[in-house]
Amino acid sequence: MLPRIDIPTYDIVLPSTQELYKFRPFLIKEEKILLMAQTGDDMREKINAIKQIIRNCIVQDIDVDALATFDIEYIFIRLRAKSIGNILSLSYTHTGCIGEEGEAAITKEIPFKLDLETVSISYTNGESHSNKIQITDDIGMIMKYPNFEIMNQMSESESFEDIVAVVSNCIEIIYQGDEVFNTSDHPASEVADFIESLTQEQFAKINSFFEDMPETTAECQVKCNKCDFVKTVRVTGITDFFS
């Protein structure tokens, strides 16, 4: 029997729940999945590849499909850093590069390096984000963070009914005082009726929940060696980090 190579494991804290998980680095089989996805332009295929890699590399049981978008981004970034390396080569498109006097402005790609160990979860308002929304003095709701499927539905929403359906999928619990209603125990139409009964001010609180969701971010400084242009670039989201 051929020898087995010991593979190290690392701890990771899930941003949305603060639960502790253990993961192992990519193996060759996971890197193959990633490389195959990178050759295409279909973002859904890339997301599915990332989710499959996470399923393979997280040691404990975890429902990857239910994870919030920023959870998946954060886990994948940590996986990549421990598996391939923590330095990511990126580029910034500088559209107004002007060199010597009289030269016309040109578009130039400025390469820069991002250290994945500097990537963190960013909060729009302070250092945290609550999934609890207080609608009235005694009525409120507990939200669940949208996964990639729900985020895709949100981006494709064309009517108010579509928006209500997406919001309904993200409401986990509605409470009134000490009484708790789990939305999974109630018809979708009943949850939709509840949403449609809200005032504009109350619905705006739900909208703020989505707008202020945590996200994976990092900042890098780029400099053009031709025109001395300097800019701090904010890298965020799976499309920026996927490489």
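Residues numbered from 1 in each chain as written. Predicted model: local features only at pLDDT ≥ 70, side-chain atom pairs only at ≥ 80, totals over all residues. Heavy atoms only, no water.

Is there a simple way to explain the pattern of salt bridges in this structure?
Within this structure, the stated rule accounts for 6 salt bridges. Put simply, Asp11 and Lys22 hold a salt bridge, and the shortest N to O gap is 2.6 Å. Note that Asp11 is positioned in strand E1 (residues 10–13) and Lys22 in strand E2 (residues 20–23), a separation of 11 residues in sequence. For Lys51, the salt bridge is made with Asp65, and the minimal N-O distance between the two is 3.1 Å. (Salt bridge = Lys/Arg side-chain N within 4 Å of Asp/Glu carboxyl O. Helix = DSSP H or I, 4+ residues; strand = E, 2+ residues; numbered from the N terminus.)

Looking at this model, I keep getting lost on helix H5 (residues 160–170). Mind explaining?
Note that an α-helix has 3.6 residues per turn; residues three or four places apart therefore point the same way. Three or more residues of H5 are buried, namely Val164, Val166, Val167, Ser168 and Cys170. Check the buried side of H5 and you find it contacts strand E7 (139–143), helix H4 (148–155), strand E8 (171–176), helix H6 (188–196) and helix H7 (200–211). (Buried < 20%, exposed > 50% of the residue type's maximum accessible area, 1.4 Å probe, protein only. Contact = heavy atoms within 4.5 Å.)

Would you mind showing me how to read the state of the cysteines here?
In a disulfide, the sulfur atoms of two cysteines are held together by a covalent bond. For the coordinates displayed, the defined rule picks out 0 disulfides. For Cys224, which is in no disulfide, the shortest distance to another cysteine sulfur is to Cys227 and amounts to 3.7 Å. (Disulfide = S-S within 2.5 Å.)

I tried to follow the sheet that holds strand E10 (residues 215–223) on my own but got confused; where do I start?
Each strand in a sheet pairs with another by means of backbone hydrogen bonds, the pair being arranged parallel or else antiparallel. One open sheet accounts for 3 strands, arranged E5-E10-E11; its pairing is antiparallel. Edge strands, defined here as strands with exactly one partner in the open sheet, are strand E5 (120–122) and strand E11 (230–236). Taking each pair of neighbouring strands and ignoring which way they run, the sheet shows an average axis angle of 50°. Examined bridge by bridge, E5 and E10 share 3 bridges and lie antiparallel to one another. (Pairing = 2+ DSSP bridges. Axes fitted to C-alpha atoms, helices over the stretch in contact; angles between N-to-C directions.)

Can you help me understand the layout of surface pockets in this one?
The probe, sized like a water molecule, is rolled over the atoms to show the empty space still left. Each pocket or cavity is described by its volume, and for the largest pocket that value is around 540 Å³. What lines the largest pocket is a set of 24 residues, among which Thr69, Phe148, Glu149, Met151 and Asn152 lie closest to the centre. Those elements that place two or more of their residues in the lining of the largest pocket are helix H2 (43–57), helix H3 (69–83), H4, H7 and helix H8 (238–241). Of all the elements, H4 adds the most residues to the lining of the largest pocket, at 6 residues. Along the lines of polarity and charge, the residues of the lining of the largest pocket split into 10 nonpolar, 8 polar and 6 charged. The residue inventory of the lining of the second largest pocket, partitioned by class, reads 10 nonpolar, 4 polar and 5 charged. (1 Å grid on protein atoms, 1.4 Å probe; cavity = no way out; pocket = protein on both sides within 12 Å on 5 of 7 lines; lining within 4 Å. Points joined across faces, edges and corners; volume = space filled by probe spheres on them. Nonpolar A, V, L, I, M, F, W, Y, C, P; charged D, E, K, R; others polar.)

Explanation requested: unusual backbone geometry in the structure shown.
Glycine aside, a negative phi is what most residues show, and trans is what most peptide bonds show. In the Ramachandran plot, Gln18 falls in the positive-phi region, its phi being about 65° despite a non-glycine side chain. Along the chain, Gln18 turns up in the loop between E1 and E2. Residue Gln18 is classed as exposed on the basis of its relative accessible area, which comes to 55%. The residue Asp228 is not glycine, and still its phi comes out positive at about 65°.

Help me understand the nonpolar core, please; the structure alone is not making it clear to me.
Proteins that are soluble and globular tend to have nonpolar side chains buried together. Within the largest apolar cluster, 46 residues are counted, with the highest numbers of intra-cluster contacts made by Ile54, Ile75, Leu79, Met141, Met143, Ile171 and Ile206. The element contributing the most residues to this core is H3, with 6 residues. Leaving out residues up to four positions away in the same chain, Met143 has contacts with Asn131, Ile133, Cys170, Ile171, Glu172, Ile206, Phe209 and Phe210. (Core = buried A, V, L, I, M, F, W, Y, C linked by side-chain atoms within 4.5 Å.)

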